[in-house]
Every structure is written in structure tokens, then in C-alpha cells.
Amino acid sequence: MQEYIEKNRDRFLNELLDLLRIPSVSADSKFKPDMLKAAEYVRDRIAEAGADRAEIYETEGHPVVYGEKIVDPALPTVLVYGHYDVQPADPYELWNSPPFEPVIKNDRIYARGACDDKGQFYMHIKALEIMLATGTLACNVKVMIEGEEEIGSSNLGTFVRKYKEMLQCDTILISDTSIIANDVPSIETGLRGLTYVEVEVVGANRDLHSGVYGGGVANPINVLCEMIASLKDEHGHITIPGFYDKVQELSASERAALNAAPFDLEEYKKDLAIDDVAGERGYTTIERTSVRPTLDVNGIWGGYIGEGAKTVLPSKAHAKISMRLVPHQNDDEICEIFTKHFESIAPASVKVKVVPHHGGLPYVTPTDSVEYRAAELAMEESFGKKPIPTRGGGSIPIVALFEQELGCKSILMGFGLDIDALHSPNESYGLFNYYKGIETIPLFFKHYAELKKPI
């Protein structure tokens, strides 16, 4: 296997770079042709890897790519999930190189989607090629790569339900997460859920002269800022009634185990160029970013922001707000209580509208399953040390739905790092991580097949 990787090392990289050159931004309609181009590219590479099927399925949004290689129906089946869509690259001016013109610097690939998730799902396509080329594929493989993960996977649930029989499997393997460090492997055993909304505050029926009307008419930007500020108290605790009602509190031993993972607070602050961390009082940074719910403003706008001055009271102000959720919070319930609360705290001088965008449920996977053990053995074999179980702070909305609809658990065996700058300018992915993933994935299949053998 390693010999095959070394022989094809440059080709594996160049294929990924070609994929990264396609600006498959799902959130922006102007990139819709590029979304189809990316889907076609992925389909063709799955076919070239040796799959029996490689097809594009249309949805009401962006298409899903599906492929499969059925070695023997009696063998266990692994469904590989990933997404070819990427976050918008804005603001472009903060990139050191064009986001869709990948460059390699200091053994890292710099491009939008390099890690999230093109570099990570493409490892699986190359792993499939390796296993078929070397005659070592020990399981059936199904591959589903979607194009709407970054906008909430709104059409994937319908797709999964429609093609439930086609997608039947024993476990789902996902590489869209990270490890602690290149010399400290880890496997994420949980993800936070998500509720994402957009709010609008409307004052007068038009923009007003700030001298003529200032002081006498509500300024929607001021009101919006005051409303947002009231959503947390001075201790970082979210003030929305009922928000914490279903939050699963960890035991002292669970918290201790979570905080046993290697973490250098000073290095963390240095990397982010901050003087101190912030968050909910009474919890560590590890806990705040993995097992505690959050509420954050992701964008806020209104009024005049062009060059020079324009003295107006804007008619409208807007904000996008995300809430990360933990077991056993429900994204629909949180959206409902947020909406009711936000409307209730609005003064009579303005009108408020809350528009839900997308969401997803939190997810936890057991560490005593065959699937987890196979991932653990695979990483231990490739890294030379046993991986540490961790909890992730991000969200993959479809994971909980997979369990509901397909009745099986997902294994979050990712190879990213915190320094990869996901969703930010200058996103990158290490060459070490890319090739280490390609090396490790076939080992998962090997160990999973062995562990699933009847006794």
C-alpha cells in the first residue's frame, strides 16, 4: 500500500489541486455552474478509482454524487460521507493568495476547501483506488458526497429518505473533523448541533437625517446592538429563558477526562494573537468549545459603510446569529424559543423579524463500538500511538439524521488541525495530513472487516 502511495504521490496531489480550483460555493448562486462542475469532477474520479457505479443525483438544490463498489453482499458495508461545497471566500483581500488558485507553502496547501472538506473527502477516493489496485478492499464501499453541507444540508434529508435502500450500510465514515496534533492523533466522539437565524430590525419607513430626527426616532442599529448585548450576561451565560433546560451536564469525571487532552492555553492565545480567552464562566476553553452551547453574531450590517460620511439614521439593521447546541438540545426548539425571546425584548419603536436559516442536532458516538475500535486500531497503526477520544465544537447536520434514517453510527475520523483556518481567509491543509489520511483509511477497512467477522 505504501509503495502505491509513493508511486502516485504527485498525481494524488495534482488531482486535489484541480478540485480546489473549482469555486464550488453553495451559498452564492453565481457559483451554481461551478457546483455542477465540482460534482462532475468528483463523479469522474470515483469512477476512475474503480467503483461499480458513479452517478450524479439532482436535488432541489445542489446535486449529490454517489458511487459504490460492492465486493460481496455478505461483507460489511461502509458509507463514506463528505461534501464538495465550500464556504464563501470573502473577504478576498485578506487572502495571501487567491482562494481558488491553490499554492503549496511550508508543506501546506492553501486554498478554500483545502481541508473543509475537499482535501479530507478526496482522501477516501484515493484510498478506494489504492485498495482496489492492490486487491485489499475488505468491505463494500458506498460514497456519498453532497453539495450543501455549508448551507445546512437542507435537501440531503429528502435524498437519504428517498434512497434509503440504496444507502443501507453498517457504519458511516466521515473525515470532516480534526486531530489534536500530527503527533497526537485523536478521534472526535461528538459534534455540537446548530441553530442559525437572521434577524431584521426595522424603524422608520426610510433612512432619516440624523440631525433632524436623531434623538427622537429609534435607530435600528442601536436597538439591534442593545438587543444582542442582552442575550448574554456578564458571565457569558445565555439569558434566553429555557435555553439551558435540556443541556446535558457532564459529570466531574467526564469533565476531567475531557480536559486531560493535551492543550496549551498560552500557545492557543499566541496562535490567535489574543491577550486572553473569553466565554462562559466556570468552564475551561476545551469545555467551552466542545460541550457547552454558544450564541454568536456571525455578521451584522445596516446604514452607511461607504467612504466618507453620510449622516443618517438607517431604516433597517440586520444580523446573522448562530447557536451551537449540545446533547439534548433540539435545533427547532431552540429556534422557537430564540424567536419568541427576541421578539419579546424589542421596544415598541421598532419591528423585528426572525428568519430561520438552517440547523442540526448534536451527536455523540459510543467509544465501545466495533466501528470506533476499527478507527482506533487504524490510527494507532498509522500514527504509532493510540488516538485520544475528543468532542468536536463544529456541526455536521446530517450525522444525526443518518442515525435516524439509516440506523447506524458515524465514525468521525478526520485529519485536520486547528491551524487549518476553516471558514477563514488562508484556509490550508497539511501535506502530511492529506497523505496520512490516505494511508490510514484503508487500515480502517481492514480492521473493520476483521472485527465484524462472525465468531
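That block above? That's the structure.
Model, not experiment: these values are computed from the prediction.

J.: Now, about the overall build of the chain: what can you tell me, with residues and values included?
T.: Secondary structure summary: the chain contains 13 helices and 19 strands in total. Principal-axis analysis of the C-alpha atoms places the extent of the chain at approximately 80 × 50 × 45 Å. Burial status across the chain gives 54% buried among its 455 residues. Between the averaged position of the 46 positive side-chain charges in the chain and that of its 69 negative side-chain charges there is a distance of 1 Å.

J.: I'd like to hear about the packing of helix α3 (residues 32-49) against helix α4 (residues 118-133), residue by residue, with values.
T.: Two elements in contact, α3 and α4, have axes separated by 8 Å at closest approach and are oriented at 20°. Accordingly, the angle class assigned to the pair α3 and α4 is roughly parallel. Read as a crossing pair, α3 and α4 show a hand that is left-handed. Counting all contacts with α3, which are made through Y41, V42, R45, I46 and A49, the residues of α4 involved are F121, Y122, I125, L128, E129 and L132. Here the contact of α3 with α4 is built from residues that sort into 9 nonpolar, no polar and 2 charged.

J.: Provide a residue-level description of the sheet that holds strand β4 (residues 103-105), including the pertinent values.
T.: The strand order β4-β5-β19 describes an open sheet built from 3 strands, whose pairing is antiparallel. For this open sheet the edge positions go to β4 and β19 (428-430), each flanked by a neighbour on one side alone. Within this sheet the neighbouring strands show an average axis-to-axis angle of 25°, counted without direction. One ladder, built from 3 bridges, connects β4 with strand β5 (residues 108-110); its direction is antiparallel. Opposite I104, over in β5, you have I109 as the bridge partner. Sitting on the sheet, helix α2 (residues 9-20) touches β4 and β5, and the angle it makes with β5 is about 20°.

J.: So, the sheet that holds strand β14 (residues 316-325): which residues are in play, and what are the values?
T.: Taking strand neighbours across the sheet as the criterion, the 4 strands line up as β12-β14-β10-β15 in an open arrangement whose pairing is antiparallel. Single-partner strands in this sheet number two, and they are β12 (296-302) and β15 (351-360). With strand direction ignored, the average angle separating the axes of adjacent strands in the sheet is 15°. As paired elements, β12 and β14 share 6 bridges and run antiparallel to each other. Across the sheet, G302 pairs through a bridge with A317, a residue of β14. The sheet contacts of helix α6 (residues 220-229) involve β10 (193-202), β12, β14 and β15, and relative to β14 the element is tilted by about 15°. Helix α10 (residues 331-344) rests against β10, β14 and β15 of the sheet, and its axis sits at about 25° to β10.

Rules used in this analysis
- Residues numbered from 1 in each chain as written.
- Predicted model: local features only at pLDDT ≥ 70, side-chain atom pairs only at ≥ 80, totals over all residues.
- Heavy atoms only, no water.
- Helix = DSSP H or I, 4+ residues; strand = E, 2+ residues; numbered from the N terminus.
- Buried < 20%, exposed > 50% of the residue type's maximum accessible area, 1.4 Å probe, protein only.
- Lys, Arg positive; Asp, Glu negative; His and termini not counted.
- Charge placed at Lys NZ, Arg CZ, Asp CG, Glu CD.
- Axes fitted to C-alpha atoms, helices over the stretch in contact; angles between N-to-C directions.
- Parallel < 35°, antiparallel > 145°, perpendicular 65-115°, else oblique.
- Left-handed = near helix turned anticlockwise from the far one by under 90°.
- Contact = heavy atoms within 4.5 Å.
- Nonpolar A, V, L, I, M, F, W, Y, C, P; charged D, E, K, R; others polar.
- Pairing = 2+ DSSP bridges.

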